[in-house]
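In case you want the letters, here they are:
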2 protein chains.
Amino acid sequence: MSNRQSNRQSAIGNRQSFRAVNPRTGEALEPAFAEATLEDVGRAAAAAASAFRVWSRTAPDARARVLRAAAENLEADRERIVATADLESGLGTARLSGELDRTTGQIRMFAALIEEGSFVDATISHGDPDARPLPRPDVRRLRVPLGPVAVVTPSNFPLAFGAAGGDTASALAAGCPVVVKGHASHPGTSALCAAALDAAAAESGAPEGLLSLLQARATEIPAALVRAPEVQAVAFTGSRGGGRALLDIAAARPQPIPVYAEMGSLNPLFIGPSALAARADAIADGLAASIVLGTGQFCTKPGLVFVPDDHRGVAFAGALAARVAAREAGPLLNAGIAGHLAGQAARTAALPAVQALAGPGETPSAGYWASGMIVSATVDEFLGTPALQEEHFGPFAVVIRCPPGRMPQVAATLEGSLTATVHAEGEDLSWAAALEDVLRDRAGRLVWNGYPTGVAVVDAMHHGGPYPACSSPLFTSVGTAAIARFLRPVAYQNVPEALLPEALRESNPLRILRRIDGRVTRAPHAD
Amino acid sequence: MSNRQSNRQSAIGNRQSFRAVNPRTGEALEPAFAEATLEDVGRAAAAAASAFRVWSRTAPDARARVLRAAAENLEADRERIVATADLESGLGTARLSGELDRTTGQIRMFAALIEEGSFVDATISHGDPDARPLPRPDVRRLRVPLGPVAVVTPSNFPLAFGAAGGDTASALAAGCPVVVKGHASHPGTSALCAAALDAAAAESGAPEGLLSLLQARATEIPAALVRAPEVQAVAFTGSRGGGRALLDIAAARPQPIPVYAEMGSLNPLFIGPSALAARADAIADGLAASIVLGTGQFCTKPGLVFVPDDHRGVAFAGALAARVAAREAGPLLNAGIAGHLAGQAARTAALPAVQALAGPGETPSAGYWASGMIVSATVDEFLGTPALQEEHFGPFAVVIRCPPGRMPQVAATLEGSLTATVHAEGEDLSWAAALEDVLRDRAGRLVWNGYPTGVAVVDAMHHGGPYPACSSPLFTSVGTAAIARFLRPVAYQNVPEALLPEALRESNPLRILRRIDGRVTRAPHAD
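Residues numbered from 1 in each chain as written. Chains lettered and ligands numbered in written order. Predicted model: local features only at pLDDT ≥ 70, side-chain atom pairs only at ≥ 80, totals over all residues. Heavy atoms only, no water.

To continue, consider the overall build of chain A. In terms of helices and strands, chain A carries 15 helices and 21 strands. Compactness check: chain A gives a C-alpha radius of gyration of 25 Å against a globular reference of 24 Å for 527 residues, within 12% of the reference. Out of the 527 residues in chain A, the part that is buried amounts to 62%. Relative to all contacts within chain A whose residues are 6 or more apart in sequence, the contacts with residues 24 or more apart total 74%. Accessible surface for chain A amounts to roughly 17900 Å². Of this, 55% is attributable to carbon and sulfur atoms. One finds the centroid of the 46 positive side-chain charges in chain A at a distance of 5 Å from the centroid of its 51 negative side-chain charges. (Helix = DSSP H or I, 4+ residues; strand = E, 2+ residues; numbered from the N terminus. Rg over C-alpha atoms; globule rule 2.2 N^0.38 Å. Buried < 20%, exposed > 50% of the residue type's maximum accessible area, 1.4 Å probe, protein only. Contact = heavy atoms within 4.5 Å. Areas by Shrake-Rupley, 256 points an atom, 1.4 Å probe, with all protein chains shown as cover. Lys, Arg positive; Asp, Glu negative; His and termini not counted. Charge placed at Lys NZ, Arg CZ, Asp CG, Glu CD.)

Encoded structure:
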C-alpha cells in the first residue's frame, strides 16, 4: 500500500502544501495536502502503465468485483465523505448524500455492464474460402482497453465526477488504470474517495498503480499528466479555458491522444406562446429552481431563456426574476469561481443593451456567496452582444425577448450546448418541431417541457454536445455509453479458436450478444 | 449542374493548371486540370453546409438510392474509369477493375446498412415517474449526421479510397455532404468518379453541394479545406507527414474537429520455428507476393519480417530475397514516391548494420519504377537503427533475425501498426499466444498464418490502429463500422411521440433493432 498512498499523504516534509477552504466562511481547512510534483506525475503514469499490463487482461468479472467493493467502501464511509465534501464545497449534505448514491450507482452500473459482457461489441464475419475473386478470410472484432487514462476532475461534482466518479469508473471498467488529478477545492474528498477505491483494489489483489491520485493546485501538474507518454486518453470536466489548454497539449504530443472534455454550456431554453399562456407560473417555478440549483454551478444550468416578445414574455421575465431574487444566496465552490462570476455578471448587467431584473442581492461578507441574477435583453440586443452569449457559471440567466417565429433561426446561430429545452403546448407544436429540428444540430440532449439540470444516469443518456460544450460531440461522459471512450477495436483474422479471446470464440462461452454475419444473437452461431 | 461541375472543368481560363503523369513513361497526360483556388475551397465548404441541411434530413432510403445509382454509374463507366486510372497510376487494369468492384461493393454495403436502419444505434430508457428520490425521465438516443466532411484522398487506391471511395460513401451514407480533395496523381480518375456520383445525385434531386471535388497539387488547398469552419470532420489516407499536418491544423481551429487519418504502417510479421520448419517455401512465396503487390504501395504491406536467428531463418531470408529479386520491377505512383523510396532505401541499405539481400534491380530509365528490395539485420542491430523502424513505402522489407523467445518483448517496443501477423504451427502455439497478447496493444488487426495486404470489406473488419498508424485507434476506415466516424449521438428527453425521430418512436415504425431498457429487440417494446 505504500506506493498507492504516496500521493495522498497529508504529512508534507519539505514539499509545498495547500489547504482546502470552507467556501461558506473563507477559512482554511485542516489538514494540509502535499502538492504533487512533476516526479509524482511521472511515477503515477509509469505505475498506471505497469498496472495496465495486468488490469487490461483481468477478466471483466474480476474488474466488476473491485468496482462493487469500491461502491461498498464509499457507502460505508458515507458520513465522513459527505461531511468532508460539504465542508470543502458548501454544496450541502442532502445534495452530497444524493450525489454519493449517484456515484455508487454509476460504479455498479459499469460493474453490471462488464459482467454482462456484450460491451466488447463482438462482431464476427465468417470467411468464405470459395469467394471470388479471392477467398474471404474469417474476421472477428472486439473492443479492448485503450491504455492508462488521466481523469482531470472539476470542482462542482466532488463525488459523481470526482476521484471515484463516472470517468474513473468507466475507465476502470473498460480495463484502463487511472491517474486522477483531484480538484484543489476538495482534496479531502478526493483522498477519501480514492482510499475507498484503493482499499477495494488492495483487498482483491488488483495491481499497484491501478489508481493514483495527484493533489495539486498548479496547472503544471495536469499539463504534465496529459503530456506523460504512458497516458492514452484524458477525461476532463471543467471550464472551457482549462479544457482547451489540455486539448492543445494532447494534440501537440508526439503521439496525440483523445481528450474527452466537457466544458460547460449555455443550455438555451425556449418557451412557446401557448406554453406560456397555459403555465407561466409553473415554468417560472421550475426554471428558477433549475437556475439556482447548487448555486447555479451545473454545466447543464439553463443560461439562456427565450420568451415571446409580448406582454406575457415581459411578465414572465419579471415573475422569474422575482422568484430568483426571493431565493437565499448560496455558497460558490471557491474564490476563483466567485471572483469570476462577480466581475463577469457586473460587466454584463452594466451593458447598455441589458436590463437587470434580479440581483445581485445581499450576501455574507465572509466566504464565497452568490445570489441569483436575471438580466434581460431583446433578441437583437442579444445577437449584437457577445457577452450575453458567454456562459456565466453560477446562478445567472439571460431572458431574451424574441418573436417565436424567429427562435429557430436564432437557435441556429447559437454555439454548441450540452442541452436545449423547449416548452410547448397545443398550438406551439409545429413551431416546436421546427425548433427541435434546428436544436438537434446545436445540442447533445433535447429536453421537452422540463429543465436540463439533473442528468439521468441511464443507457440512453447523452451528456455531450458540439464544441465548445465538448471537445468531441461523439462521446458521452454519463451513462453506459461512456465506456466507449476507453475502448478500441481489434480485429482477428483467421486466428484459431484456442487463441481467440473468449468473446470471439465460435462457441460463445460468455453467452454475450454478438453480431454474427449481420445477425445479432447470443447463440454460438448466426442461426 | 453548373455549380457541381465548376471545380472539375479541364478548361482553364487564367488559372493555374496541372496534368497527371503516366508513371510508366514519365509523360504528361491530357487534359490539363484547373488547380483549385482558396475561393473554390470556400465555395465548396459553403455548398456542403447548405446541402447538409437537406441531406442530413433526407431519409436513409433516399440516401441509399443515390448511393446505389452512383454504384451503377461507376460500373457503367468501368472501361473509361479503369483505363484512366491505369494510365494515371500504373496499377494495371486487372487490379483496378477489381478495385472498382470493391468500390461499388462498398457503396452498396453502406446503402444496405442505412436501408436496414439499425445503424442509428437507437437506445431507449423508459422513464419512471415513481422513482425515488427523483422521477426518472424518458430518455431516447440515436445517432445523427455530424456535418460536412472533408475527404483527402491518397494516390495508392485511386478508386477504393478515391473520390467515390469508402470515406466518401460512408460519409454520404451517414448523411454528411463531402468535399473531396482529389489526389494530384490521378485527376482524371477523380473527375470520372465524382461525375458518376454527381449524376446519381442530380437524377434523384439530391441537394447541390452534396459532393464537391477540389483538384489541386498545392498543400494549401487541403489545409484550407480542413480550416473551413463548415467542415466538421476529416477523413485522410496518406503519409504520416501529410496526416499529421492536417491533424495539427484541425486541432488548432477555433473549433477543433476530428481527423480520421490512416497514415501507413510497418505491419510486422513474425514467423515461428515450427512454421518455418513446416512451410518455409510457401511462406516465402506468399510473403514475396504480399511485399511486391501493387509495387509495395499498400499501407498494409508487411515491412518487418521477424525470423528465428538460426540457419533456417538465414535460409528463409535468402529464399525470400531470391523470390523478390525474381519479380519484375513495377511502376510507382508518382515522382515523389519514387524519389523518396530510392533515397531512403539506398541510405538504409548502406547502413553498416544492414545486409542487402535483394535489389535494387534494373528498372526502365523513363517513368517511375522500382524493383523489390530485401535487407536484413540482427534484432540488436534493428533495435539500434531507427532507420529500420521507418516505413519504406514501396516493395521493400526488412528481415530481422531474432531468437523467438525475444520476439514478444521486441514486439512490445514497436510503434503502432495497422496489422501484425503471426505464422505458427504445432509447438509454436504457446509462443504465438504470448506474441498475440503483446501485439493486441500494438496493432488494429492480427492476421494468423496469412498476409496483411488485402483488407476484407466486412462488418468485423478493423482498418485502424494505434498512432502513428492512425490518428485515432478508435475508428476504422474500412467495413460498416466506418460510418461511426460521421455520426454523433443526440438524446431526446420526454419528447412526445409525434416529435420524436421515427427511429425512437415507441411504435418502432422502421422495425429497426433497438436497445430498450437493456434489451436488444426489433419489437416496439422491450418485451
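On we go from here.
Further remarks concern the pairing of strand β16 (residues 396–401) of chain B. Residues and elements named next belong to chain B. The buried count for β16 comes to six of six residues, which makes it a mostly enclosed element. Alternating residues of β16 divide into Phe396, Val398 and Ile400 and Ala397, Val399 and Arg401, and every residue in both groups is buried. Here strand β11 (residues 304–307) pairs with β16 via four bridges, running parallel. Within the sheet, the bridge partner assigned to Leu304 lies in β16 and is Val398. Of the strand pairs in this sheet, strand β15 (residues 373–378) and β16 are connected by six bridges, and their pairing is parallel. The residue of β16 that forms the bridge with Ser376 is Val399. (Pairing = 2+ DSSP bridges.)

Quick look at the relation of the copies chain B and chain A now. Here chain B sits on chain A after a turn of 180 degrees about the axis and a move of 0.0 Å along it, with an RMSD of 0.0 Å. Taken together, the rotation and translation relating the two chain copies correspond to the operation of a two-fold axis. The C-alpha atom lying nearest the rotation axis in chain B is that of Ala251 of chain B; the distance is 3.1 Å. Comparing interface residues between copies, 100% of those in chain B also sit at the interface in chain A, which points to an isologous, same-surface contact. (Least-squares fit on C-alpha atoms with pLDDT ≥ 70 in both.)

Turning to the packing of helix α4 (residues 78–89) of chain B against helix α5 (residues 93–116) of chain B, a few remarks are in order. Each pair of packed helices can be summarised by the angle the axes make with each other and by the distance between the axes. Residues and elements named next belong to chain B. Relative orientation of the contacting elements α4 and α5 amounts to 125 degrees, with a least axis distance of 9 Å. As summarised for this structure, α4 and α5 are arranged oblique, according to the angle between their axes. Pair α4 / α5 crosses with right-handed handedness. Contact with α4, carried on its side by Arg78, Val82, Ala85, Asp86 and Ser89, involves Thr93, Leu96, Ser97, Leu100 and Asp101 of α5 and no other residues of that element. Along the lines of polarity and charge, the residues of the contact of α4 with α5 split into four nonpolar, three polar and three charged. (Axes fitted to C-alpha atoms, helices over the stretch in contact; angles between N-to-C directions. Parallel < 35°, antiparallel > 145°, perpendicular 65-115°, else oblique. Left-handed = near helix turned anticlockwise from the far one by under 90°. Nonpolar A, V, L, I, M, F, W, Y, C, P; charged D, E, K, R; others polar.)

Before going further, it helps to spend a moment on the interface of chain B and chain A. The interface of chain B with chain A comprises 67 residues on the first partner and 67 residues on the second. Across the chain B/chain A interface, buried area totals approximately 5400 Å², and carbon plus sulfur atoms make up 58% of it. Taken together, the connections running from chain B to chain A amount to four salt bridges. Of the charged contacts in the structure, one is a salt bridge between Asp437 of chain A and Arg57 of chain B, with a shortest N-O distance of 2.9 Å. Applying the counting criterion to the chain B and chain A interface returns 36 residue pairs in polar contact (both at pLDDT 80 or more). Those elements that place two or more of their residues in the side of chain B that touches chain A are β3 (123–125), β4 (139–145), α9 (240–252), α15 (429–439), β18 (443–448) and β19 (487–493) of chain B. If you tally residues by element for the side of chain B that touches chain A, the top one is β19 of chain B, at seven residues. Looking at the side of chain B that touches chain A residue by residue, the class counts come to 42 nonpolar, nine polar and 16 charged. (Buried area = accessible area lost by both parts, 1.4 Å probe. Salt bridge = Lys/Arg side-chain N within 4 Å of Asp/Glu carboxyl O. Polar contact = N/O pair within 3.5 Å; in protein donor to acceptor, adjacent residues only side chain to side chain.)

Okay, the side chain of Arg279 of chain B next. Tracing the backbone through its elements, the reader meets Arg279 of chain B in helix α10 (residues 273–292). Those residues within four positions of Arg279 of chain B in sequence are excluded, and the remaining contacts are His423, Ala424, Glu425 and Asn449 of chain B.

What follows concerns the nonpolar core. In this structure, Phe306 of chain A together with Phe306 of chain B are the most contacted members of the largest nonpolar core, which totals 209 residues. Apart from the residues lying within four places of it in its own chain, the contact partners of Phe306 of chain A are Pro268, Leu269, Phe270, Ile271, Phe382, Ile400, Cys402, Met407, Val410 and Leu414 of chain A. (Core = buried A, V, L, I, M, F, W, Y, C linked by side-chain atoms within 4.5 Å.)

Time to look at unusual backbone geometry. With an omega of -5 degrees, the peptide bond running from Gly359 of chain A to Pro360 of chain A counts as cis. At Asn508 of chain B, a position not held by glycine, the phi torsion is positive, near 45 degrees. By secondary structure assignment, the location of Asn508 of chain B is in the loop between β19 and β20 (514–516).

Let us look at helix α4 (residues 78–89) of chain A. All names here are of chain A. Counted at 1.5 Å a residue, the expected span for α4 with its 12 residues is 16 Å, and the 16 Å between its end C-alpha atoms agrees. Listing the buried residues of α4 in full gives Ile81, Val82, Thr84, Ala85, Asp86, Glu88 and Ser89. Looking at the residues trailing α4, positive phi occurs at Gly90, about 70 degrees. (Expected span 1.5 Å × (residues − 1).)

A few words now on the side chain of Thr103 of chain B. Residue and element names in this part refer to chain B. Tracing the sequence through the fold places Thr103 in helix α5. Under the relative-accessibility criterion, Thr103 is labelled buried at 2%. In this structure the side chain of Thr103 is engaged in a polar contact, spanning 3.2 Å, whose partner is the backbone nitrogen of Ala160. Excluding residues that lie within four positions of it along the chain, Thr103 makes contacts with Leu74, Leu159, Ala160, Ala164 and Gly165.

Before going further, it helps to spend a moment on the sheet that holds strand β5 (residues 149–152) of chain B. Residue and element names in this part refer to chain B. With parallel pairing, the five strands of this open sheet are ordered in space as β7-β6-β5-β8-β9. Looking at strand neighbours, the two that pair on one side only are β7 (211–215) and β9 (259–262), the edges of this open sheet. Neighbour-to-neighbour, the strand axes of the sheet open up by a mean angle of 15 degrees, direction not taken into account. The pairing of β5 with strand β6 (residues 178–182) spans four bridges and is classified as parallel. Bridge pairing in β6 places Val149 opposite Val178. Contacts between α9 and the sheet are confined to β5, β8 (233–237) and β9, with β9 contributing the most and set at about 170 degrees to the helix.

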